[in-house]
Amino acid sequence: MFIDKIKIFVKAGAGGNGAVSFRREKYVAQGGPDGGDGGNGGNIIFKTDEGTNTLLAFRYKRKFIAEPGGNGEGAKRHGKNGADIIIKVPKGTIIRNAESGKIIKDMSDDEPFTVCKGGRGGWGNKHFATPTRQIPRFAKNGLPGDEKELVLELKMIADVGLVGLPSAGKSSLLAAVSQARPKVAEYHFTTLEPSLGVVNTGEDRGFVMADIPGLIEGAAEGAGLGHDFLRHIERCRLLLQVVDISGIEGRTASEDFDTISQELEEFSEELAGRPRIIAANKCDTILPDDENLASLKILADALGYKVFPISTVTREGIHELLCEIERQLATLPPITVYESETTEADEESYEDALPEDTEIRRAPGGAFVCTGKWLEKLCGRINFDDRESLMYFQKSLNDGGIIDKLRAAGCAEGDTVKMFDIEFDFVD
Ligand SMILES: Nc1nc2c(ncn2[C@@H]2O[C@H](COP(=O)(O)OP(=O)(O)OP(=O)(O)O)[C@@H](O)[C@H]2O)c(=O)[nH]1
Ligand SMILES: [Mg+2]
């Protein structure tokens, strides 16, 4: 079974919590804070795998959840980082956000890609000792890990894509020009899954050819095997349309040519407009003055396509065809790589969080407790040891209207404010 599109769920690990702890040593009466930080949660990382050509493995496993970070401990011990999960996909897999349908990443090179970052570990109280706060009794919790639903879609990477009706001889041609051994048989729809072959045309020269199932009239409406598999030739720089010239199926070559053009058009105008060469196959079965071939040539000529009579049996015309493919490829742009359609901000799971959503309530002891996702994210990013970072924190609270909100709630100079596990005195 061939699977080239599938939905999966991924979740990065949460960060571990920071520890609240104080040094206790034999002769040290009162030690300073020594609570260690939480470890970071494991990431979800995609990597390409040369060995596979299908997303079949995802049929059995569709949920990937990375390990959380360990909690910090006393004696400044850092929590263990959660292990990353590495998901291997065939080269040419496109990762989309299932909700928006937007492309997050085209896995067509060998670079690993982190799709969900693990949550940062929270800081232990060792970070929070200041001249005025010698005994910090707080630490920060780890941030949650990102989670997403993704659609993985395989679009094979090839220079040349074969298209044609069933039994036109597409697989026979791939077998004739490469080491690939796709199944060849008389009956229609022999090929059920796409395959690739490398065509060597000389030392260090060559190109990749993709063979896909046959297309029939009405494929866009689901006839035959439908037309979704055309996605595997969408990146191709050149289409090689294989037409059966023998007349054995009781149709003319021109009719067959039109049928395929029409179906390509219905799938994507862009694909239909891709440079194209026509291979008039099975020419071992006809006479040189064959009318069927002559009218196909006239039709193709008018559209600017070259026709090469070939036979995969006698190998007639194959060399000339490969030379022309190579010549045209040299003038064409490289294989399409799809740009990401999302920004990092789009992909934040805390995306919709706004400062306006911050809520303030009074704790029994009188402290003003602020909660909200936006604030949680902000707090997670601040390094309280660093002056600039602190200034950024203050500015963000101001700009986000949190300070005004606190005032409106009755907070005055000297009152205690709590934001997640951070606590400070309000200074107006
Ligand atoms: N006489 C002759 N027969 C050929 C030639 N090329 C292919 N055939 C025959 O045509 C039939 C179909 O060939 P395939 O290569 O399986 O055709 P296909 O286009 O891949 O077909 P699907 O996978 O079903 O879409 C087989 O019986 C081949 O032996 C040729 O050049 N001459
Ligand atoms: Mg085939």
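Every value quoted in this text rests on a predicted model; they were computed, and no experiment measured them. (Residues numbered from 1 in each chain as written. Chains lettered and ligands numbered in written order. Predicted model: local features only at pLDDT ≥ 70, side-chain atom pairs only at ≥ 80, totals over all residues.)

A closer look at the overall build of the chain
Part 1 of the reasoning: Tallying secondary structure elements over the chain gives nine helices and 18 strands in all.
Part 2 of the reasoning: Across its three principal directions, the C-alpha atoms of the chain cover 105 × 50 × 35 Å.
Part 3 of the reasoning: Burial status across the chain gives 39% buried among its 428 residues.
Part 4 of the reasoning: At a minimum sequence separation of 6, the contacts of the chain that also span at least 24 residues come to 70%. (Helix = DSSP H or I, 4+ residues; strand = E, 2+ residues; numbered from the N terminus. Buried ≥ 20, exposed ≤ 12 C-beta atoms within 10 Å, placed from the backbone. Contact = placed C-beta atoms within 7 Å.)

Overview of helix H4 (residues 291-303)
Part 1 of the reasoning: The first and last C-alpha atoms of H4 sit 19 Å apart over 13 residues, in line with the 18 Å expected at 1.5 Å per residue.
Part 2 of the reasoning: Listed in full, the buried residues belonging to H4 are Asn292, Leu293, Leu296 and Ala300. All buried residues of H4 fall inside an arc of 90° around its axis, so they share one side. Opposite the buried face of H4, at more than 90 degrees from it, the exposed residues are Glu291, Ala294, Ile298, Asp301 and Ala302. (Expected span 1.5 Å × (residues − 1). Arc of directions from axis to C-beta.)

Topic: the nonpolar core
Part 1 of the reasoning: Counting residues in each nonpolar core, the largest one holds 47 residues, and the members touching the most others are Leu162, Met209, Val243, Ala279 and Ala280.
Part 2 of the reasoning: If near-sequence neighbours (up to four positions away) are discounted, alanine 279 is found in contact with Leu173, Leu240, Gln241, Val242, Phe308, Ile310 and Leu321.
Part 3 of the reasoning: Counting 16 residues, the second-largest nonpolar core is a separate cluster that includes Ala12, Ile44, Val89 and Ile104. (Core = buried A, V, L, I, M, F, W, Y, C linked by C-beta atoms within 7 Å.)

Here we look at the domain arrangement of the chain
Part 1 of the reasoning: Domain annotation of the chain identifies domain 1 (5-154), domain 2 (160-331) and domain 3 (355-425).
Part 2 of the reasoning: Each of domain 2 and domain 3 was reduced to a C-alpha centroid, and the two centroids are 66 Å apart. (Domains from an automatic or database assignment.)

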